[in-house]
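# Secondary and tertiary structure notes
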Amino acid sequence: MSGFDFDVIVVGAGHAGIEACLAPARLGLKTAIVTTNIDRIGYMSCNPSIGGLAKGHMVREIDVLGGEMGLAADATCIQYKRLNSGKGPAVRGTRVQSDKHKYSAYMCDRLRNEPALSIIKGEVKKLILNKSCCEGVVLSDGSQLRARAVIITTGTFMNAVMHFGLRQVPGGRIGDDSTVGISNQLAEFGFSILRLKTGTPARLDKDSIDWSKTTAQYGDEKVFPFSFRSPKVLPLPQIACYLSRTTAKTHQIIRDNLHLSPMYSGIIEGIGPRYCPSIEDKIVRFADRDSHQTFLEPEGLNTNSIYLQGISTSLPESVQDLFLRTMPGLENVKILKYGYAVEYDFIEPTQIWHRLETRNIGRLFLAGQINGTSGYEEAAAQGFIAGVNAAHLVLGRPEFVLGRDQAYIGVLIDDLITKGTLEPYRMFTSRAEHRLALREDNTIERLKIDSERIGILSKTDQDKSTEIVNARSELYININETKIYPNQETLFKLAAIPTSALTKSVSLADLLRRAEVNVFHLQSFGIEFFNDPLIFEPVEIAIKYEGYIKRQNELIAQAKKFEELLLPLDLLYSDIRGLSREEVEKLCRVRPRTLGQAQRISGVNPSAIQAIMVFLKSKKSRQEAGFV
């Protein structure tokens, strides 16, 4: 490794940075992670929770591939919930509230104990560039660290400014400075740099809240850990959250003080998250509503700090004092930390490849909020993919890219690269056209081959995943092959369920497809299985939804024809007859990898896809005839 200090350097130690550094380190590469604050590795700057709808899917995908987020969430969970548990399996999502201090400590411990990983305290001021390749970083003290690949995961810290009403303070969050220099250097290199905004609510003193005026909200008793490697029983005590609401008086105070909000006074230029708006935004956008709910969430087992979900704000502290005390239970509340907004730079994500390497600078990867996303899970997913691909670049392996039909991670990255974003991107199940095939319960089957191919999981863990898949397969076969007949014994058992009698012999799979029948009913017909939802639940879902899943797989097979048709990176779209100027411009900017990706570019019409196909077929025919 002559001339290089490390194989891979990761800048930033948030959720993206953690996965980005662990992946190459676990593949045996000498890796460094550089952070300005070692005490805040994996720090939850906003909501102390992991998962949610679609986000929980990505946490499980990261886990099966060998990432750490799922294990950390399980180990530090203080309230577990399965969202949409009464709805179809495609839209169920796991969410856990974590002890934020234990979560950070867990991640810090994992990084410190990774043999090939070094943690370096420092601020990266600029990149070391050799023509159009990145070869390391320069720290604020002037020292240089050289590497074969660099991953930037600076979150909300690039040229970041915090807004407290009309007062502005440099920084990405309270207690941490902003990162200055990198985005300016990238802009000089031709990158399009834009601004986004996020926010956080006040933190409240637990002892100053009148809990009798709030409503307790408990977690689920039945738990499905994120990681198949985690114990079935969560290690920490489970606690309640509490529900309160804004009032008409709350709204009036906020409306009267909108001129003091940096968003409404024009100071903030960046666009905020559409699906996680500030309380000022909610009151303006939903003016007909006289109340908005909020959850009071403890930030840990051994802290008095309460997170006020859904009430992010950048109004001045004096206004926060007024409006918070109009909410039930908060009449005499003591505020430990006021809410504020953060405005920061991000890189327009159509400037990177699916492997998350930038197009303008080789060996430079971007992951997390720097690519315009919002959320811990979206960041971790990108960090993992960037870490694997940086490692593969160093090791001379092919790029690792997940398709939209394989994982929510594939949907996330393809959306960013193909469509870009002008607001913080958040993952939803509705973004995945193949969501019935991308369920939480079948994550191992979907990604097992890829996991084995990249080789981050230990052999013990791979063997465990094989055991799970084999047990599911055995149960599935038994249920499909076991038949029951309309005799007296069977009729008695069916009446006990209760479900209608049989008129002919059927398989137990046919019986299970009845709405009122569940997998436990099959035990009376001789089916033996592990009393483990990790085994029986995916099998039950696969059988009950078999017709829908089969149709989904047919659509995936059709879509793959377009996804497998690779487009030359040097294709001159201006030479293709039938493309509009706008289509040529967008195709040249995105440079789609496949015809399927070209199809998803906004503004590229079906006629353009046909024109590209005709052009490529004609070119191939000319080549075969020896004319090219």
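Preceding this section is the structure that the text describes.
Residues numbered from 1 in each chain as written. Predicted model: local features only at pLDDT ≥ 70, side-chain atom pairs only at ≥ 80, totals over all residues. Heavy atoms only, no water.

Along strand 5 (residues 93-98), six of the six residues are buried, which leaves the element largely enclosed by surrounding structure. Here strand 5 shows no split at all, with G93, R95 and Q97 on one side and T94, V96 and S98 on the other all buried. Pairing analysis gives three bridges linking strand 3 (residues 49-51) to strand 5, with the strands arranged antiparallel. In the sheet register, I50 faces strand 5, and the bridge partner there is V96. Note: strand 4 (residues 77-83) against strand 5, six bridges, orientation antiparallel. (Buried < 20%, exposed > 50% of the residue type's maximum accessible area, 1.4 Å probe, protein only. Helix = DSSP H or I, 4+ residues; strand = E, 2+ residues; numbered from the N terminus. Pairing = 2+ DSSP bridges.)

Here we come to helix 15 (residues 533-544). For helix 15, built from twelve residues, the straight-helix expectation of 16 Å at 1.5 Å per residue is met to within 8% by its first-to-last C-alpha distance of 15 Å. Buried-residue contacts for helix 15 involve strand 4, helix 12 (459-481), helix 14 (508-512) and helix 16 (546-563). For helix 15, the N-terminal cap is D532; the gap from its side-chain oxygen to the backbone nitrogen of L534 is 2.9 Å. (Expected span 1.5 Å × (residues − 1). Contact = heavy atoms within 4.5 Å. Polar contact = N/O pair within 3.5 Å; in protein donor to acceptor, adjacent residues only side chain to side chain.)

This brings us to the packing of helix 1 (residues 15-26) against helix 4 (residues 100-112). Closest axis-to-axis distance for the helix 1/helix 4 pair is 11 Å, and the angle between their directions is 25°. Classified by the angle between their axes, helix 1 and helix 4 sit roughly parallel to one another. Crossing of helix 1 over helix 4 shows left-handed handedness. Here H15, I18, C21, L22 and R26 of helix 1 lie close against helix 4, whose contacting residues are Y103, M107, R110 and L111. Looking at side-chain class alone, the contact of helix 1 with helix 4 contains six nonpolar, one polar and two charged residues. (Axes fitted to C-alpha atoms, helices over the stretch in contact; angles between N-to-C directions. Parallel < 35°, antiparallel > 145°, perpendicular 65-115°, else oblique. Left-handed = near helix turned anticlockwise from the far one by under 90°. Nonpolar A, V, L, I, M, F, W, Y, C, P; charged D, E, K, R; others polar.)

It is worth spelling out the side chain of S305 at this point. Following the sequence through the fold, S305 ends up in strand 17 (residues 305-309). Classification of S305 as buried rests on a relative accessible area of 10%. If near-sequence neighbours (up to four positions away) are discounted, S305 is found in contact with R203, L204, E297, P298, E299 and L336.

Here the focus is the nonpolar core. Grouped together as the largest cluster of nonpolar side chains are 122 residues, with contacts concentrated most on I9, I50, I409 and I479. Examining the composition of this core, we find that ten residues originate from one element, helix 9 (residues 376-395), more than from any other. Judged by nonpolar contacts, the second largest core, of 20 residues, contains L204, I209, L324 and L330. (Core = buried A, V, L, I, M, F, W, Y, C linked by side-chain atoms within 4.5 Å.)

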